[in-house]
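Observations on chain architecture
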Amino acid sequence: MSARPRPGSLLATKLVARGVRLTNQRRKILELIESEGGHLDAARIQELARERQIAVDRATVYRTLALLKQHGLVEELDFLHVRGDQHFYEARGLGDHLHACCYRCGRVSELRTATLDRLKEELRDNLGFRTESVRVEVGGCCKECAEHEEQVSPVVI
């Protein structure tokens, strides 16, 4: 049985337009991804489903994520492995941005910056390259961890 996308379900609409059959479980997973937003891993998606009493198994979550990735609807991110070997998924189309990953606490912050637009222009002008996506991950120490380190061991001159 093929399900129609619900109004407002952008991922479902895009999959149906590509001829993908949407089972009830797939539709529920797409709704979870869209309603939660942000960076989700498979375990968090399954946890959200459990919290909302939606029955989906781990294999279905992974197959749905693979399907979304195959169709270019999500990006798979590892955030410089600051959170171990976990992989996170983020819907495409959120605009170009970079991820700043803290090596100390694992926090991941996003930054939208005109610098990425200038980089794409430079790639086009110098190489004739047409950029379709930008993915930048920067590793370092977030403001909170840096302030904590300064309090614990202040720099003495």
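Okay, so let's go over this structure. (Residues numbered from 1 in each chain as written. Predicted model: local features only at pLDDT ≥ 70, side-chain atom pairs only at ≥ 80, totals over all residues. Heavy atoms only, no water.)

As for the overall build of the protein chain
Counting secondary structure elements, the protein chain contains six helices and five strands. For the protein chain, the succession of helices and strands along the chain, N to C, is α-α-α-α-β-β-β-β-α-β-α. Across the 157 residues in the protein chain, those meeting the buried criterion constitute 30%. Nonlocal contacts in the protein chain, meaning residues at least 24 apart in sequence, comprise 45% of its contacts between residues at least 6 apart. Accessible area for the protein chain stands at about 10,100 Å²; split by element, carbon and sulfur atoms hold 50% of it. (Helix = DSSP H or I, 4+ residues; strand = E, 2+ residues; numbered from the N terminus. Buried < 20%, exposed > 50% of the residue type's maximum accessible area, 1.4 Å probe, protein only. Contact = heavy atoms within 4.5 Å. Areas by Shrake-Rupley, 256 points an atom, 1.4 Å probe, with all protein chains shown as cover.)

Brief notes about the environment of Arg-92
Considering the arrangement of structural elements, one finds Arg-92 in the loop between strand S2 (88-91) and strand S3 (98-102). The partly exposed category is assigned to Arg-92, whose relative accessible area is 41%. Spatially, the C-alpha atoms of Arg-92 and Val-74 are 5.0 Å apart, while their sequence positions differ by 18 residues. Among all residues touching Arg-92, those that are not within four sequence positions of it are Gly-72, Leu-73, Val-74, Glu-75 and Ser-133.

Here's the deal with the side chain of Thr-60
By secondary structure assignment, the location of Thr-60 is in helix H4 (residues 58-70). In this structure Thr-60 comes out as buried when scored by relative accessible area, which is 8%. Among the polar contacts made by the side chain of Thr-60, one reaches the side chain of Gln-25 at a distance of 3.5 Å. Those residues within four positions of Thr-60 in sequence are excluded, and the remaining contacts are Gln-25 and Ile-29. (Polar contact = N/O pair within 3.5 Å; in protein donor to acceptor, adjacent residues only side chain to side chain.)

Some remarks on the packing of helix H3 (residues 42-51) against H4
Between two packed helices, what matters for the description is the angle formed by their axes and the separation of those axes. Contact geometry for H3 and H4: axes closest at 10 Å, N-to-C directions at 125°. By the criterion of interaxial angle, the relationship of H3 to H4 is oblique. Once H3 is placed against H4, the crossing between them reads as right-handed. Of the residues in H4, those touching H3 at Ala-42, Ile-45 and Gln-46 are Arg-58, Val-61, Tyr-62 and Leu-65. A class-by-class count of the residues in the contact of H3 with H4 yields five nonpolar, one polar and one charged. (Axes fitted to C-alpha atoms, helices over the stretch in contact; angles between N-to-C directions. Parallel < 35°, antiparallel > 145°, perpendicular 65-115°, else oblique. Left-handed = near helix turned anticlockwise from the far one by under 90°. Nonpolar A, V, L, I, M, F, W, Y, C, P; charged D, E, K, R; others polar.)

Examining H3
Within the sequence span of H3, burial applies to Ala-42, Ile-45, Gln-46, Leu-48 and Ala-49. For H3, the angular spread of buried residues about the axis comes to 155°, placing them on one side. Against helix H2 (24-36) and H4 lie the buried residues of H3. Phi turns positive one or two residues past the end of H3, at Gln-53, with a value near 55°. (Arc of directions from axis to C-beta.)

As for the pairing of strand S4 (residues 108-111)
Inspection of the sheet shows S3 paired to S4 by four bridges, in the antiparallel sense. Each residue of the ladder has a partner; that of His-99, found in S4, is Glu-110. Count of turn residues in the S3/S4 antiparallel hairpin: five residues, of which Gly-106 carries a positive phi of about 85°. (Pairing = 2+ DSSP bridges.)

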